[in-house]
Amino acid sequence: MTQQIKPQPGIMDIELYQGGKSAIAGRTDVLKLSSNENPLGPVPAAITAAASAAADMHRYPSTDHAALRTAIGEIWNVDPDRIICGVGSDEVLQFVTQAFAGPGDEIIHTAHGFSLYPVLIHMAGATSVCVPERERVVDVDAILGALSDKTRIVLLTNPGNPTGTRLSDSELARLVDGIPPHVILVIDGAYTEYAERYDGGLSYAATRPNVLMTRTFSKIYGLGGLRIGWGYGPREMIDVMTRIRQPFNLSVIQLAAAEAAVRDTDWVADCAALNAEQRARLIGALGQLGIATDPSDTNFVLARFADKQEARSAEDALTAAGILVRSVAGYGFPEGLRITVGDTDQTGRVIDALNQWRTVA
Ligand SMILES: *Cc1c(COP(=O)(O)O)cnc(C)c1O
């Protein structure tokens with residue numbers, strides 16, 4: 001780079017995002033439990049819809065996403081005019097950080113929040129304010145204590161990743177009430193469908209002037225590879241974000257697949273039920289092996305080993321058995337492994353491999 005060419009402030013502070021591993025050299029029977037993907041694959045209705053939409057690939061897609069927003073509005077009982085769709089919920093999170101924060105502004109997030117947040121904050125040129133959690137649960141007082149005149153946004157992952165925990169209803173209410181009107185609270189609800197009796201922040205996004213909820217098609221709908229998500233919030237906020245959204249950010253295939261997916265409510269119910277059953281089974285088996293966990297409201301479990309060495313040893317044993325899980329040292333858990341909940345057979349494979357590891361170790 002020449003002396004004259006300089007990137008915008010913050011860009012060179014961005015560390016490249018590390019995705020979950022997806023291959024083991026020389027193996028074809030790899031079980032990937034490192035990225036919280038749906039063990040059943042994509043929702044079938046989306047495959048059919050994507051295939052027929054492919055015939056329209058020569059057409060530019062809808063720029064207002066009206067059909068998809070209408071479908072989401074019907075299914076979730078929300079106003080379609082207050083929805084914005086993005087290339088994954090990641091893009092919706094980018095819209096809000098970019099549209100409402102810049103150099104000199106602060107964005108608060110929590111110690112074990114989504115690892116993409118610091119990237120988005122630097123992209124906006126804003127300052128990251130990371131607050132601690134308490135026993136792997138978001139600490140409302142720590143967030144409220146970090147608020148300043150410069151705070152523009154609070155990014156909350158609820159349920160959390162990689163913790164899998166969720167704020168109680170009363171703590172979430174206390175957070176919402178404690179955020180001043182000039183600050184936006186973003187409730188990232190990527191795992192909402194796996195939590196019981198929780199609306200992902202929808203009722204707050206419906207009624208508060210400063211709350212935005214984000215949701216994704218990547219997890220329970222099994223469409224992570226397609227990249228679609230959405231946000232729901234006050235009309236004025238959505239209007240601002242829409243101005244920085246590229247008019248053709250979603251393709252005809254993405255739009256058609258997502259619309260079919262959201263209408264398949266049976267799929268969501270079935271996947272959530274299977275997940276709850278296998279999650280309880282996995283947590284029970286880990287407990288019998290003396291591996292600590294917290295109750296999870298998601299499709300993964302954070303397994304906490306005695307220390308970093310033990311976690312490494314378990315990860316090596318799982319890899320040798322062809323199973324990929326997520327090391328979360330970079331998220332502040334050197335002793336942890338994040339294991340996506342699989343289907344019945346897959347969960348059995350994980351439990352067998354860990355049992356064998358304990359016997360040998
Ligand atoms: C997986 C995940 C998302 C989803 O991101 P997409 O861009 O919609 O694929 C968002 N937030 C968190 C915390 C996640 O774990």
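Residues numbered from 1 in each chain as written. Predicted model: local features only at pLDDT ≥ 70, side-chain atom pairs only at ≥ 80, totals over all residues. Heavy atoms only, no water.

### What to know about the site of the ligand
Right, on to step 1. Neighbouring residues of the ligand: 13 residues in total, closest Ser89, Tyr191, Thr216, Ser218 and Lys219.
Right, on to step 2. Residue serine 89 places a main-chain N or O atom 2.6 Å away from an oxygen atom belonging to the ligand.
Right, on to step 3. Between the ligand and the protein, one listed contact pairs an oxygen atom with a side-chain N or O atom of threonine 216 at 2.5 Å.
Right, on to step 4. For the ligand, whose free accessible area comes to 390 Å², the fraction covered by protein is 93%.
Right, on to step 5. Broken down by element, the residue count for the shell around the ligand peaks at three residues, all from helix α3 (residues 88-100). (Near = heavy atom within 4 Å. Polar contact = N/O pair within 3.5 Å; in protein donor to acceptor, adjacent residues only side chain to side chain. Areas by Shrake-Rupley, 256 points an atom, 1.4 Å probe, with all protein chains shown as cover. Helix = DSSP H or I, 4+ residues; strand = E, 2+ residues; numbered from the N terminus.)

### Digging into the side chain of glutamate 315
Right, on to step 1. Its location among the elements puts glutamate 315 in helix α11 (residues 308-320).
Right, on to step 2. Among all residues touching glutamate 315, those that are not within four sequence positions of it are Lys21, Val325, Ser327 and Leu337. (Contact = heavy atoms within 4.5 Å.)

### Some thoughts on the packing of α11 against helix α12 (residues 344-360)
Right, on to step 1. Two elements in contact, α11 and α12, have axes whose closest approach is 9 Å; the angle formed by their N-to-C orientations is 125°. Between α11 and α12, the interaxial angle falls into the category oblique. The handedness of the crossing between α11 and α12 is right-handed. Between α11, through Glu310, Ser313, Ala314, Ala317 and Leu318, and α12, the contact on the second element is made entirely by Val350, Ala353, Leu354, Trp357 and Arg358.
Right, on to step 2. Among the residues forming the contact of α11 with α12, the class breakdown is seven nonpolar, one polar and two charged. (Axes fitted to C-alpha atoms, helices over the stretch in contact; angles between N-to-C directions. Parallel < 35°, antiparallel > 145°, perpendicular 65-115°, else oblique. Left-handed = near helix turned anticlockwise from the far one by under 90°. Nonpolar A, V, L, I, M, F, W, Y, C, P; charged D, E, K, R; others polar.)

### Side note on unusual backbone geometry
Right, on to step 1. Cis geometry is adopted by the peptide bond preceding proline 159, which originates at asparagine 158 and carries an omega value of 0°.
Right, on to step 2. The topology assignment puts proline 159 in the loop between β5 (151-157) and α6 (169-178).
Right, on to step 3. The phi dihedral of asparagine 77 falls on the positive side, at around 60°, and the residue is not glycine.
Right, on to step 4. Among the structural elements, asparagine 77 can be located in the loop between α2 (66-76) and β2 (83-86).
Right, on to step 5. One non-glycine residue, glutamate 135, lies in positive phi territory at about 50°.
Right, on to step 6. Inspection of the secondary structure puts glutamate 135 in the loop between β4 (127-131) and α5 (140-146).
Right, on to step 7. Accessibility expressed as a relative area gives 60% for glutamate 135, which makes it exposed. (Buried < 20%, exposed > 50% of the residue type's maximum accessible area, 1.4 Å probe, protein only.)

### Let's talk about the environment of glycine 41
Right, on to step 1. Summarising the element assignment, glycine 41 is placed in the loop between β1 (31-32) and α1 (44-53).
Right, on to step 2. With 178 residues separating them in the primary sequence, glycine 41 and lysine 219 have C-alpha atoms 9.9 Å apart.
Right, on to step 3. Not counting residues within four places of it along the chain, the set of residues in contact with glycine 41 comprises Tyr221, Gly222 and Trp267.

### Description of the domain arrangement of the protein
Right, on to step 1. Annotation of the protein at the domain level lists domain 1 (11-36 + 266-360) and domain 2 (44-263).
Right, on to step 2. Look at where the C-alpha atoms of domain 1 and domain 2 centre, and you get two points 25 Å apart.
Right, on to step 3. In this complex, domain 1 contributes 27 residues to the contact, which on the side of domain 2 involves 27 residues.
Right, on to step 4. When domain 1 packs against domain 2, close to 2,300 Å² is buried across both sides, 63% of that on carbon and sulfur atoms.
Right, on to step 5. The largest contributions to the domain 1 side of the interface with domain 2 come from Trp267, Asp297 and Tyr331, which together make up 25% of the buried area.
Right, on to step 6. Our enumeration of links across domain 1 and domain 2 arrives at two salt bridges.
Right, on to step 7. Note that arginine 166 is salt-bridged to aspartate 297, the shortest N-O span being 3.3 Å.
Right, on to step 8. Between domain 1 and domain 2 we count eight residue pairs in polar contact (both at pLDDT 80 or more) in total.
Right, on to step 9. Among the secondary structure elements, those contributing two or more residues to the side of domain 1 that touches domain 2 are α10 (265-288) and β9 (300-304).
Right, on to step 10. Top contributing element to the side of domain 1 that touches domain 2 by residue count: α10, with six residues. (Domains from an automatic or database assignment. Buried area = accessible area lost by both parts, 1.4 Å probe. Salt bridge = Lys/Arg side-chain N within 4 Å of Asp/Glu carboxyl O.)

### Focus on the packing of α1 against helix α9 (residues 252-263)
Right, on to step 1. Contact geometry for α1 and α9: axes closest at 8 Å, N-to-C directions at 150°. Regarding the angle of α1 to α9, the classification is roughly antiparallel. When you trace α1 past α9, the crossing you get is right-handed. Packed against α1, whose contacting residues are Ala45, Ala46, Ala49, Ala50 and Ala53, the element α9 presents Val252, Ile253, Ala256, Ala257, Ala260 and Ala261 at the interface.
Right, on to step 2. Here the contact of α1 with α9 is built from residues that sort into eleven nonpolar, no polar and no charged.

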